[in-house]
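Overview (structure and organization)
This is what each chain is made of:
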Amino acid sequence: SQDAGDIQISHSGNKAAFAGVTNGIPDSADAVLMNFDNATGQFSNPQRLEMTSAYSVAFSPNCNGLYVTDFSQKKLYSFDLTANDIQASKTLVG
């Protein structure tokens, strides 16, 4: 299998993000942003962030932003986690 991906917990400990390529199909992977309870390890409230092939994720130092790399497009995008519509805040970084 060609599975690959990344999961990160925010510095504040209350958010988690996942990106991954599964079953060797790189053009089918969205990123997923979730609430995270660092006391119990439970994830909740998953929100898909549409991408062509999300591969890795990283939270900004202040936890107000999420960076996602796109494997097939070889690009980096940011999402504003304080926005009412996080998906609409998607911005090409480079």
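Data block above holds the structure.
Before going into details, it helps to say that this report is about the structure given with it. (Residues numbered from 1 in each chain as written. Predicted model: local features only at pLDDT ≥ 70, side-chain atom pairs only at ≥ 80, totals over all residues. Heavy atoms only, no water.)

Let's talk about the packing of aromatic side chains
Applying the stated criterion to the full structure yields two aromatic pairs. Aromatic side chains Phe36 and Phe43 sit 5.2 Å apart centroid to centroid with 40° between the ring planes, which places their arrangement in the tilted category. Ring geometry for Tyr55 versus Phe71: centroids 5.3 Å apart, planes at 35°, classification tilted. Taken together, the residues span a long stretch of sequence, with Tyr55 in strand S5 (residues 54-59) and Phe71 in the loop between strand S6 (65-70) and strand S7 (75-80) at a distance of 16 residues. By relative accessible area, which is 33% here, Tyr55 ends up partly exposed. Owing to a relative accessible area of 37%, Phe71 belongs among the partly exposed residues under this scheme. The cationic tip of Lys74 hangs over the ring face of Phe71; the distance from NZ or CZ to the ring centre is 4.7 Å. The ring of Tyr77 has Lys90 lying over it, and the distance from NZ or CZ to the ring centre is 4.6 Å. (Phe/Tyr/Trp six-rings, centres within 6.5 Å; stacked < 30°, edge-to-face > 60°. Helix = DSSP H or I, 4+ residues; strand = E, 2+ residues; numbered from the N terminus. Buried < 20%, exposed > 50% of the residue type's maximum accessible area, 1.4 Å probe, protein only. Lys NZ or Arg CZ within 6 Å of the ring centre and 35° of its normal.)

Describing the nonpolar core
In this structure, Leu33, Leu49, Met51, Leu66, Val68 and Phe79 are the most contacted members of the largest nonpolar core, which totals 15 residues. Only strand S2 (15-21), strand S3 (31-37), S5, S6 and S7 provide two or more residues apiece to this core. The leading source of residues in this core is S5, at three residues. Those residues within four positions of Val68 in sequence are excluded, and the remaining contacts are Ala31, Met51, Ala54, Ser56, Val57, Lys75, Leu76, Tyr77 and Phe79. (Core = buried A, V, L, I, M, F, W, Y, C linked by side-chain atoms within 4.5 Å. Contact = heavy atoms within 4.5 Å.)

A look at a nonpolar patch on the surface
Together, Ile7, Ile9, Phe18 and Phe43 make up a nonpolar patch on the protein surface, roughly 340 Å² of accessible area in all. Mapping Phe18 onto the fold places it in strand S2. (Patch = residues over 30% accessible without salt bridge, like charges linked within 9 Å, V, L, I, M, F, W, Y side chains within 5 Å. Areas by Shrake-Rupley, 256 points an atom, 1.4 Å probe, with all protein chains shown as cover. Salt bridge = Lys/Arg side-chain N within 4 Å of Asp/Glu carboxyl O.)

Considering the sheet that holds S5
One open sheet holds the four strands; their spatial order is S5-S6-S7-S8, and the pairing between them is antiparallel. Two strands lie at the open edges of the sheet, namely S5 and strand S8 (91-92), each paired on one side alone. Here S7 runs beside S8; their pairing, made up of two bridges, is antiparallel. By the bridge assignment for S8, Tyr77 is matched with Leu92. (Pairing = 2+ DSSP bridges.)

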